[in-house]
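Inside the fold
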Amino acid sequence: MQHATTAQLISLVVPIYNEEAVLPSLFAKLYEKLASLPLPFEVILVDDGSTDNSWALLRSEAGKHSNIKLLRFSRNFGKEAAILAGLKECDGDAVVVIDADLQHPPGMLVEMVDIWLQGDVDIIHAVKSEDRNAPLLDRVTSYGFGRLFRRITGYEIRGATDYKLLDRRVVDILREMRDYSLFFRGTTLWLGFRHRELYFELGDRRGGKSKWTSLSRLRLGISALTSFTALPLHLMTVLGAGSLLFALAMGAHTFYNKINGEAVEGFTSVILLILIFGSLTILCLGVIGAYLAKIHDEVRGRPRYLIDEKILPPGADESR
Ligand code: UDP
Ligand code: MG
């Protein structure tokens, strides 16, 4: 069914963490594009515990418009949490999630809404070209991780971004999902539904700097893998079976030598075996530890974020 006849509102969700340098140009660009939408819109700006002047800028912007909702977290909970909070707060028939730093071209949201209005898609994924300005190590690791992720899970996340349009029924499902960490770009692929990809050239940040560190990337990667697959745990069993075969062969060889009265080869092989199997054991413990930490997060059942302050336009539903 075409959405053009029934749709009433488009929501825009923007996660924001220490973006004072880009917020003025973000507002200018966004409002320019939003004004050309064929439907009314609302903007949900989620301040993910910024320590710079972002919140003050957001407040002053909200004072100028009647369709801005502001959320401020009690501390930095991460982008995934900020997106989730935005999805919970929005009322739109379709929701567009976009980064604050203008690396996601705002003009594309108009195209996304036009496509969605035709009624043939529930999710539109914006897929980015390779970021040629990223450090070589980041490019290599993200390429390697993308390949690994597709191999293991079957989902293509190379080029995937958090710039997406979601139909209301998809948003309702995401809101109900209880995963402690959302991994938005992977989960939206996992959901299925009728989807479509739009491609764009990733631009430079318009100010400020990326919030990612090697450690936070690694953490997101581990979280993504552990929430999508238990394969690493099964691989450990395969590794164990391989080691057992090796141990049996070595054992038989040693026993044969002993029976024939030949001296066992020197310490080198013993030391090597201890080092190899010691490292493998610790590595496997690390894999188990990653899943255990995931389970720990899930069973504790702590809130995924805490809202310190909420500023809604007059007449908005305050019950959420
Ligand atoms: N962001 C956030 N919380 C964080 C880190 C980032 O809300 O802890 C927001 C950030 O303000 C921006 C978006 O997520 O709107 C993307 O962040 P960034 O540009 O640092 O990521 P990159 O584009 O380098 O992947
Ligand atoms: Mg960015």
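What counts and how
Residues numbered from 1 in each chain as written. Chains lettered and ligands numbered in written order. Predicted model: local features only at pLDDT ≥ 70, side-chain atom pairs only at ≥ 80, totals over all residues. Heavy atoms only, no water. Salt bridge = Lys/Arg side-chain N within 4 Å of Asp/Glu carboxyl O. Helix = DSSP H or I, 4+ residues; strand = E, 2+ residues; numbered from the N terminus. Buried < 20%, exposed > 50% of the residue type's maximum accessible area, 1.4 Å probe, protein only. Polar contact = N/O pair within 3.5 Å; in protein donor to acceptor, adjacent residues only side chain to side chain. Contact = heavy atoms within 4.5 Å. Pairing = 2+ DSSP bridges. Axes fitted to C-alpha atoms, helices over the stretch in contact; angles between N-to-C directions. Donors = N, O, S within 2.8 Å, 3.2 Å for Na, K, Ca; no water. Expected span 1.5 Å × (residues − 1). Phe/Tyr/Trp six-rings, centres within 6.5 Å; stacked < 30°, edge-to-face > 60°. Parallel < 35°, antiparallel > 145°, perpendicular 65-115°, else oblique. Left-handed = near helix turned anticlockwise from the far one by under 90°. Nonpolar A, V, L, I, M, F, W, Y, C, P; charged D, E, K, R; others polar.

1. Things to note about the pattern of salt bridges
Tallied over the full model, the rule gives 17 salt bridges. Put simply, Lys64 and Glu61 hold a salt bridge, and the shortest N to O gap is 3.3 Å. Pair noted here: Lys64 and Glu61 are both in helix α2 (residues 54-64), with a separation of three residues, about one helical turn. In this structure Glu61 comes out as buried when scored by relative accessible area, which is 8%. One salt bridge in this structure joins Glu156 and Arg158, with 3.5 Å as the shortest N-O distance. Accessibility expressed as a relative area gives 34% for Glu156, which makes it partly exposed. Since its relative accessible area comes to 29%, Arg158 is described here as partly exposed. Among the ionic contacts, a cluster of salt bridges with common partners joins Lys79, Asp99, Asp162 and Arg185.

2. Let's talk about the side chain of Arg185
Within the element layout of this structure, Arg185 appears in helix α7 (residues 184-191). Note on Arg185: relative accessible area 18%, which makes it buried. For Arg185, the side chain forms a polar contact with the side chain of Asp162, separated by 3.1 Å. Beyond its immediate stretch of four places on either side in the chain, Arg185 contacts Lys79, Ala160, Thr161, Asp162 and Lys164.

3. Observations regarding the sheet that holds strand β5 (residues 123-128)
With mixed pairing, the eight strands of this open sheet are ordered in space as β7-β5-β6-β4-β1-β2-β3-β8. With one partner strand each, in any of the chains shown, β7 (195-200) and β8 (307-311) form the two edges of the open sheet. Sheet twist, expressed as the mean angle between neighbouring strand axes with direction ignored, is 20°. Where strand β1 (residues 10-16) and strand β2 (residues 41-47) come together, seven bridges link them in parallel fashion.

4. A look at the coordination of the magnesium ion (ligand 2)
Only Asp101 (OD) and Gln103 (OE1) from the protein reach the magnesium ion (ligand 2) as donors, at distances of 1.9 to 2.0 Å. Relative accessible area serves as the criterion here: at 17%, Gln103 is assigned to the buried category.

5. Structural notes on helix α9 (residues 231-259)
Here α9 is 29 residues long and its end C-alpha atoms lie 42 Å apart, about the 42 Å a rise of 1.5 Å per residue gives. Taken residue by residue, α9 has Met236, Ser243 and Asn257 as its buried positions. Check the buried side of α9 and you find it contacts α10 (267-300). Gly261 lies just past α9 and shows a positive phi near 70°.

6. A few points about the pairing of strand β4 (residues 94-97)
Burial of β4 is two-sided: the residues Ala94 and Val96 facing one way and the residues Val95 and Val97 facing the other way are all buried. With four bridges connecting them, β1 and β4 associate as parallel partners. Across the sheet, residue Ile10 finds its bridge partner in β4, namely Ala94. Pairing of β4 with strand β6 (residues 160-167) involves four bridges; the strand directions are antiparallel. Note on β6: the bridge partner recorded for Val96 is Leu165.

7. As for the packing of aromatic side chains
Applying the stated rule across the entire model yields 10 aromatic pairs. Between Tyr31 and Phe41, the ring centres sit 5.9 Å apart and the planes meet at 65°, which makes this aromatic pair edge-to-face. Of the two residues, Tyr31 is situated in helix α1 (residues 23-34) and Phe41 in strand β2; the sequence distance between them amounts to 10 residues. Assigned by exposure class, Tyr31 and Phe41 land together as buried. Look at Phe145 and Phe149: their rings are 5.7 Å apart centre to centre, the planes differ by 40°, and that puts the pair in the tilted class.

8. Digging into the packing of helix α6 (residues 168-176) against α7
Contact geometry of α6 with α7 gives a least axis separation of 11 Å together with a crossing angle of 120°. Classified by the angle their axes make, α6 and α7 are oblique. As for how α6 packs across α7, the hand of that crossing is right-handed. Counted together, Val170, Ile173 and Leu174 of α6 and Phe184, Thr187, Thr188 and Leu191 of α7 form the full contact between these two elements. Broken down by class, the residue content of the contact of α6 with α7 amounts to five nonpolar, two polar and no charged.

Interpretation note: all reported values are geometric properties and have no functional meaning in isolation.
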